[in-house]
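# Structural characterization, general
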Amino acid sequence: MDTILIADCHEIVRQGIQRIIESRPKKYQISEASTGQEVVEQLSDKHIKFAILDLQLTDGNIFATPSKIFDHTSTTSIFVYTAAPERVYAKILLQKGIR
């Protein structure tokens, strides 16, 4: 079973995303993180197929966390969402392999 990592500093957002995933026919194991450090640890310790990341986490944005997040783009499909203006971050994220 593939694992999806959901990273957001708000538990209610993580729960909402999890419910959407659970409503799909294909089943996934869900893993959660609320900080950039937790994201790095989980990407290093687990086989994560997909990561859904909020750009802004409690310990800064994903650019402020170790670049190890971006080291996993060949083995993990990483999706990022944010309330920040797209034009500010989109080019940087795309250059790093984030979709």
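Note: the structure precedes this text.
Predicted model, so just to flag it, every value in this text is computed and none were measured. (Residues numbered from 1 in each chain as written. Predicted model: local features only at pLDDT ≥ 70, side-chain atom pairs only at ≥ 80, totals over all residues. Heavy atoms only, no water.)

## With respect to helix α1 (residues 11-22)
An ideal rise of 1.5 Å per residue puts 16 Å on 12 residues; α1 measures up with 16 Å between its terminal C-alpha atoms. Those residues of α1 that fall on the buried side of the exposure criterion are Arg14, Ile17, Gln18 and Ile21. Down the axis of α1, the sector holding all buried residues measures 100 degrees, keeping them to one side. Among the exposed residues of α1, those pointing more than 90 degrees away from its buried face are Ile12, Arg19 and Ile20. Of the surrounding secondary structure, the elements contacted by the buried residues of α1 are β1 (3-7), β2 (29-33), β3 (50-54) and β6 (77-81). (Helix = DSSP H or I, 4+ residues; strand = E, 2+ residues; numbered from the N terminus. Expected span 1.5 Å × (residues − 1). Buried < 20%, exposed > 50% of the residue type's maximum accessible area, 1.4 Å probe, protein only. Arc of directions from axis to C-beta. Contact = heavy atoms within 4.5 Å.)

## Considering a negative patch on the surface
A grouping of Glu38, Glu41, Asp45 and Asp59 is seen on the molecular surface, where their side chains present a negatively charged patch. Note on placement: Asp59 falls in the loop between β4 (56-57) and β5 (60-61). (Patch = residues over 30% accessible without salt bridge, like charges linked within 9 Å, V, L, I, M, F, W, Y side chains within 5 Å. Areas by Shrake-Rupley, 256 points an atom, 1.4 Å probe, with all protein chains shown as cover. Salt bridge = Lys/Arg side-chain N within 4 Å of Asp/Glu carboxyl O. Lys, Arg positive; Asp, Glu negative; His and termini not counted. Charge placed at Lys NZ, Arg CZ, Asp CG, Glu CD.)

## Focus on the sheet that holds β3
The sheet built from 4 strands is open, its strands ordered β2-β1-β3-β6 with parallel pairing. Of all the strands in the sheet, just β2 and β6 have a single pairing partner and so form its edges. Averaged over all adjacent pairs, the angle separating strand axes in this sheet is 15 degrees, with direction ignored. In terms of strand pairing, β1 meets β3 through 4 bridges, oriented parallel. Of the residues in β3, the one forming a bridge with Ala7 is Leu53. (Pairing = 2+ DSSP bridges. Axes fitted to C-alpha atoms, helices over the stretch in contact; angles between N-to-C directions.)

## What about the packing of aromatic side chains?
Enumeration over the complete set of coordinates arrives at 2 aromatic pairs. Judged by centre distance (6.1 Å) and plane angle (80 degrees), the ring pair of Tyr28 and Phe50 falls under edge-to-face. Here Tyr28 is found in the loop between α1 and β2, whereas its partner Phe50 is found in strand β3, with 22 residues between them in sequence. By relative accessible area, which is 23% here, Tyr28 ends up partly exposed. Ring centres 6.4 Å apart and planes at 35 degrees place the aromatic pair Phe50 and Phe79 in the tilted group. Of this pair, Phe50 sits in strand β3 while Phe79 is found in strand β6, placing the two residues 29 residues apart along the sequence. (Phe/Tyr/Trp six-rings, centres within 6.5 Å; stacked < 30°, edge-to-face > 60°.)

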